[in-house]
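Fold and contact review
Listed here are the chains, written in short residue letters.
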Amino acid sequence: MNVPFYEKLWMWASGVLIVAFVVTIVAGLAGSALQPPSHVETIDPTKVWNDPRFKQRGVTTTDHGATVVLIAMMFAFQPAEIRVSAGKPVTFRLTSADVIHGFSIVGTNGNTMVVPGYVSQFTTVFRTPGEYLIVCNEYCGLSHHLMSAKLIVEGGAQR
Ligand code: CUA
């Protein structure tokens, strides 16, 4: 069969693309890319209330920022009100006492899934003081729409 040169060129080019796609998928799988969207730390979901990491919930402040420890459950966050300073890094550590919940701080980039069996962690900085609504954004049952909390960002350190 006599295939014109440009036809051959395009056939080879598309072949190379397919190989490149397969290589990226295989490389992605090999490089531990498949994990929960968080740092991976496990916990016994039936014992979260007595786990030393979650026994003391709420805000712990240091010179460098703050750590906030929360438990999500049907249908509330514990604690339901959090107070942090503006302009300093805040690390959130969350886990679930029952099913999958969401943790979304409306109007900020603070957002994570809360999966039973895992500790979700993320760090962010709130620049603008004010009151923020925290909502559960994963459907978790009949009263999912009532599951909320409040974040109060205090202080003047804007910028
Ligand atoms: Cu918790 Cu929806």
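Residues numbered from 1 in each chain as written. Predicted model: local features only at pLDDT ≥ 70, side-chain atom pairs only at ≥ 80, totals over all residues. Heavy atoms only, no water.

Time to look at unusual backbone geometry. In this structure, the amide linkage connecting Met74 to the following residue, Phe75, adopts the cis form with an omega of 0°. Summarising the element assignment, Phe75 is placed in the loop between strand S2 (65–73) and strand S3 (76–78). Cis geometry marks the peptide bond from Gln78 to Pro79, where omega comes out at 5°. Note on placement: Pro79 falls in the loop between S3 and strand S4 (81–85). (Helix = DSSP H or I, 4+ residues; strand = E, 2+ residues; numbered from the N terminus.)

Here the focus is the pattern of salt bridges. Inspection of every chain in the model, using the stated rule, returns seven salt bridges. Salt-bridge contacts for Lys47 lead to Asp44; the nearest nitrogen and oxygen are separated by 3.3 Å. Residue Asp44 is classed as partly exposed on the basis of its relative accessible area of 33%. Between Arg83 and Glu154 there is a salt bridge whose closest N-O contact spans 2.9 Å. Of this pair, Arg83 sits in strand S4 while Glu154 sits in strand S10 (residues 148–154), and the two are 71 residues apart along the sequence. If you follow the salt bridges from partner to partner, you end up with Glu41, Asp51, Arg53 and Arg93 in one network. (Salt bridge = Lys/Arg side-chain N within 4 Å of Asp/Glu carboxyl O. Buried < 20%, exposed > 50% of the residue type's maximum accessible area, 1.4 Å probe, protein only.)

Let us now look at the side chain of Ser104. Looking at where Ser104 falls in the secondary structure, it is placed in strand S6 (residues 101–105). What makes Ser104 buried here is its relative accessible area of 14%.

One can find Val115 in the loop between strand S7 (111–114) and strand S8 (120–125). Non-local contacts of Val115, meaning those with residues more than four positions away in its chain, are made with Thr95, Ser96, Ile100 and Ser120. (Contact = heavy atoms within 4.5 Å.)

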